[in-house]
Amino acid sequence: MKIAKTAHELSDAIRRKELSSREAVEAALDSAQALDPSLRAYITLLPERARDRAKQLDDRIARGDSADSLGALAGIPVAVKDIFCLEGELTTCGSRILGNFRPPYSATVVNKLEAAGAIIIGKTNMDEFAMGSSCENSAFFPTRNPYDVTRVPGGSSGGSASTVGAGSVPIALGTDTGGSIREPASFCNIVGVKPTYGRVSRYGMIAFASSLDQAGPMTRDIRDAATTLQVMAGHDEMDSTSVDTPVPNYAAALRTDLAGVRIGIVTEFEDSIGRSDAAMAGLYKRAYADLERLGATLVEVHLPHAQYGLATYYLIAPAECSSNLARYDGARYGCRVNESGDVFTMFEHTREAGFGDEVKRRIILGTYALSAGYYDAYYVRAQKVRTLIKRDFDNAFAQCDAIACPAVSCPPFELGAKTQDPVAMYLMDYFTIPMSLAGIPALSVPAGYVNELPVGLQFAAPAFEEARMLGIAHAYEQATHHADQVAPKVLAGAAR
Amino acid sequence: MIETRLQFEAVIGLEVHVELATQSKMFCGCRNAFGAKPNTLTCPVCLGMPGTLPVINRRAVEYLCKTGLALDCAIAQFSKFDRKNYFYPDMPKNYQISQYDMPLTTGGVVPLASGKPVRLNRIHLEEDTGKNIHAGGHMAASEYTLIDYNRAGVPLMEIVSEPEIASPEEAEEYLVALKAVLSYIGVSDVKMHEGSLRCDANVSVRPRGATELGTKAEVKNMNSFRSVVRALRFEIERQTELLALGERVIQETRNWDDTRGITYSTRSKEQAHDYRYFPDPDLVPMTIDAQVIEAWRTELPELPLAKRDRLVREYGLSEYEAGILSEDRATADFFEQAARASSEAKQVANWMLGDIRRFLEKHEKTLATAAIKPEQLAELIALVKSGHISGKAAKEVCELLVTEGGDPRAIVQARGLAQVSDSAAVSQIVDEAIAGNQESVTAYKAGKAKALEFIVGQIMKASRGKANVDMVRALLKERLG
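Residues numbered from 1 in each chain as written. Chains lettered and ligands numbered in written order. Predicted model: local features only at pLDDT ≥ 70, side-chain atom pairs only at ≥ 80, totals over all residues.

Engineer: I'd like a rundown of the overall build of chain B, residues and numbers included.
Structural biologist: Within chain B one finds 16 helices and 17 strands. Whereas a compact globule of 481 residues would reach a radius of gyration of roughly 23 Å, chain B reaches 30 Å, over 25% beyond that. Considered along the principal axes of its C-alpha atoms, chain B spans approximately 95 × 60 × 50 Å. Classification of the 481 residues of chain B by burial places 40% in the buried group. (Helix = DSSP H or I, 4+ residues; strand = E, 2+ residues; numbered from the N terminus. Rg over C-alpha atoms; globule rule 2.2 N^0.38 Å. Buried ≥ 20, exposed ≤ 12 C-beta atoms within 10 Å, placed from the backbone.)

The following block contains the structure:
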């Protein structure tokens, strides 16, 4: 059973001229609009812009340009997290403080996607400034999970995950700082890839924690993730942290067996999930067994410092965000609260009204961690632990080609379940944060269901080994086809 | 009281901010220029807009390192940028990208003309801020403030001296020496009035001979070398008086008020500022190859003090003359070109330090903006030497060269300034003068030497200054002798 087409399926149809770009875009817009009352995945839909561009593309195809010459994503409708600047269009980052912001430039990855022929149909909802794991920290409204609209889609890239999970678009862009692509991908039964830090340009992507933020694809399958990453990856002279190394051919690395592949199973992670949730632990055990059946050798590896990942992350990320978000002061763009008094009063009132609670919480945390007298004890210490975590992965990868581990500790939870307990929410990223701190690539791929709710399996690989990682995940996906086994309930609801 | 004051000594350290004369800004491609229409030299990056990222201007790093090499600093093989966090509306990101604990250079020395070396602590690279323009001039009194971000992101290097400067005059000497080096290597316009060179001073006073430093005040807002000297004199006086009275100096920031001639406490909370420095995660650390550093070293020009010594040696100038002529590279180059073209080095120096300087001031020009070329000065000197024009006429030609330039010979021709040196013509004028001034002739013959000068004066008047005065005098003596 197939709930929606992938980008490569749409692409084939467009190449064969069975489908026009306009038709693909209309179908995506129809679906997004029909599901919007239930899911609220979009902050902004861009129907006119999308139709114009689809028409231009169709005109070119009609004039005889081959779909191939128009780019790898020619005519494919995509959604973009509202963290990516899109020239002339509302770009809010899920925050009131940017509630009216229209950037005069586009993010590099957005430009790359459009240059490859992709048609952006809308900007998706997210936790404010990407701070959150449920999409409930959006300043505007929460997004819902297509598998159960009483549950969260995950976050912070919740809108992107929800709309891809519901089948409205085959591809969406997300960003991942501590798990913001992988956790919602797991919750919405899709593929989500966080590339190596430096693999993809951050220019035009609104910063949360600069040393951790990475953009990545959220797709219906691994093949589409490979194609999208191919388009996104590469050096950008506008981003000095983007690395100037060749981008391998990801599609060529997709494989269907795992003969000779050593998969590391992280002892500490298995202990943790075994203690907390038997159903989840059982699901992952079955996934590892599937890998073995495909020819992989399972190797026990250790990440002794991974348990400190969360604490480390919640010093480094807030520290960076406290500085990154200082620019939102009402002086130049975005919202301004200027009732009376001097410019500093304007700053205070603007920031008080413009930021939500979680953002304020992290700015305060980070300001504290960087303060004189605390800097060494918190920020510097956290950077040292970060180095140890990175070293743990180096040691692990000396024994295996890739790591397989849980993406999340539970299936999607109900709205409001964790909003009163920030630490419980932070714990959602327990299995994803260590890879973020180490800067290595990781992805989540559908791995089955617990109580009919989707759960993802995480793969991680050494830095810049996305090809290897995608190849292994592809073999697993093609052997299991978990994503196609349960349809999102929201589609049944919409049909009724 | 005066005796008490003599028991104290001042200790001054200077922080000099220098805008680097790169084509583009420190972290974006915007043009780096002074005086453009407000907010026309800006882009999303230097306006700190969401999602934008800085990219290091390599040329700025090169300029700073060359400055370091010229001042004998150690160039860091590994350096990084940090964020200095504080809220201020002229700073688009509300943090400044600067360098905290790993500056591009450490150590170094600025040799003063007197021979005293002032050691440097460090030179680091940062971005300049925008400019607040308060309606009404003062922030507190103004109804609104306009911000010009043209300057935001201009590369700025901060040169920090050790506290080794002993007097306001020495501080000026330091600034003159530093400015000379910077102008030589061409890394900055070093114009204090345009803000491309700015200076803050840390001033403290202590009992003479003490080894510990006294409590310092940081003096800001000094906009010329003269105001630096005045501000430091005032501040040292103020602190000395406090200490002499047994009172304490408060550590604070004080602004110089040029009109009132005083420093006053800014009462800012600056002391309480915690800048929360941390490494800028948007930039990767810099490693500078030793070979690149050596290449930069070979590109350095001859520096001011070396040039001064060579001018003394090669052209026989006094140390004073050579010192002034080598203060900036354009002047020194002008001198050397003119001296080579005329082989009258001493005359070239005299003209440059005398009349040319005067005419430049009168017409508010510099050698760079004036029309005169070294070859023209050489030619002018040759015209005087050959007796072609009088010294007086030469001054007139010189002023024209400064304002309009041109071929000195052609100017002399066009203005009819040529000196009459033809002996037949001169003797005719002399004979006419003798015939017309018999009274003076008689007086001279009677022994009144002054009378001869009267006749000379009459001749010069009659010839409208063009007669060769030496020839006139010699002929008169011959005829009347």
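Additional details are given in the paragraphs that follow.
Engineer: Requested: an account of the overall build of chain A, with residues and values cited.
Structural biologist: Looking only at helices and strands, chain A features 17 helices and eleven strands. Against the 2.2 N^0.38 benchmark of 23 Å for 496 residues, chain A shows a C-alpha radius of gyration of 21 Å, consistent with a compact globule. Its C-alpha atoms give chain A principal-axis dimensions of about 65 × 55 × 50 Å. For chain A, with 496 residues in total, the buried portion stands at 61%.

Engineer: So, the domain arrangement of chain B: which residues are in play, and what are the values?
Structural biologist: Each assigned domain of chain B is listed here: domain 1 (2-292), domain 2 (302-415) and domain 3 (423-480). On a C-alpha basis, the centres of domain 1 of chain B and domain 3 of chain B stand 65 Å from each other. (Domains from an automatic or database assignment.)

Engineer: How would you sum up the interface of chain B and chain A? Please name residues and give values.
Structural biologist: Between chain B and chain A, the contact holds 25 residues from the first and 38 residues from the second. The class makeup of the residues in the side of chain B that touches chain A is 15 nonpolar, five polar and five charged. (Contact = placed C-beta atoms within 7 Å. Nonpolar A, V, L, I, M, F, W, Y, C, P; charged D, E, K, R; others polar.)

Engineer: How would you sum up the pairing of strand 4 (residues 82-85) of chain B? Please name residues and give values.
Structural biologist: Residues and elements named next belong to chain B. Side chains D82 and K84 project from strand 4 onto one buried face, and the interleaved R83 and N85 project onto a second face that is buried too. As judged from the four bridges shared by strand 4 and strand 5 (residues 95-98), these two strands associate in the antiparallel manner. Among the inter-strand pairings, R83 is bridged to a residue of strand 5, identified as I97. (Pairing = 2+ DSSP bridges.)

Engineer: Which residues make up the packing of helix 15 (residues 449-462) of chain B against helix 16 (residues 469-480) of chain B, and what are the values?
Structural biologist: Residue and element names in this part refer to chain B. It is the contact of helix 15 with helix 16, at a shortest axis distance of 10 Å, that shows an interaxial angle of 135 degrees. Regarding the angle of helix 15 to helix 16, the classification is oblique. Every pair of crossing elements has a handedness; the one defined by helix 15 and helix 16 is right-handed. Across the interface between the two elements, L452, I455, V456, I459 and M460 of helix 15 pack against V469, V472, R473 and L476 of helix 16. Looking at the contact of helix 15 with helix 16 residue by residue, the class counts come to eight nonpolar, no polar and one charged. (Axes fitted to C-alpha atoms, helices over the stretch in contact; angles between N-to-C directions. Parallel < 35°, antiparallel > 145°, perpendicular 65-115°, else oblique. Left-handed = near helix turned anticlockwise from the far one by under 90°.)

Engineer: Let's hear about the environment of R255(A): which residues, and what values?
Structural biologist: Residues and elements named next belong to chain A. With respect to the element layout, R255 can be found in the loop between helix 7 (222-232) and strand 7 (262-266). R255 sits in the partly exposed class, given 17 other C-beta atoms within 10 Å. Sequence-wise, R255 and K112 are 143 residues apart; in three dimensions their C-alpha atoms are separated by 26 Å. Filtering out sequence-adjacent residues up to four positions away, R255 remains in contact with G471, H474 and A475.

Engineer: So what about the nonpolar core? Which residues, and what values?
Structural biologist: Counting 229 residues, the largest nonpolar core has V78(A), F84(A), V109(A), I121(A), A402(A), I403(A) and F459(A) as its most contacted members. Here this core takes nine residues from helix 3 (residues 168-185) of chain B, the largest share from any one element. Among residues more than four places away in sequence, those in contact with F459(A) are A402(A), I403(A), A404(A), A442(A), L443(A), V445(A), M469(A), I472(A) and A473(A). (Core = buried A, V, L, I, M, F, W, Y, C linked by C-beta atoms within 7 Å.)

Engineer: Break down the sheet that holds strand 1 (residues 42-45) of chain A for me, with residues and values.
Structural biologist: All names here are of chain A. Judged by pairing direction, the sheet is mixed, and its eleven strands sit side by side in the order 1-3-2-4-6-5-10-11-9-7-8 without closing on themselves. Every interior strand has two partners, whereas the edge strands, strand 1 and strand 8 (297-301), have only one. Looking at each pair of strands side by side, their axes are set apart by 30 degrees on average, direction ignored. Where strand 5 (residues 191-194) and strand 6 (residues 214-219) come together, two bridges link them in antiparallel fashion. Looking at strand 6, one finds that V191 is bridged to T219. In the packing of helix 8 (residues 267-276) onto the sheet, contacts are made with strand 7, strand 8 and strand 9 (402-406), and the angle to strand 7 comes to roughly 50 degrees.

Engineer: Pulling in residues and values, what's your account of the packing of helix 10 (residues 374-385) of chain B against helix 12 (residues 408-415) of chain B?
Structural biologist: Residue and element names in this part refer to chain B. The interhelical angle for the contact between helix 10 and helix 12, taken along N-to-C directions, is 55 degrees, at an axis separation of 9 Å. When the axes of helix 10 and helix 12 are compared, the pair comes out oblique. On helix 12, the residues touching Q376, E379, L380 and L383 of helix 10 are P408, R409 and V412. In terms of residue class, the contact of helix 10 with helix 12 is made up of four nonpolar, one polar and two charged.

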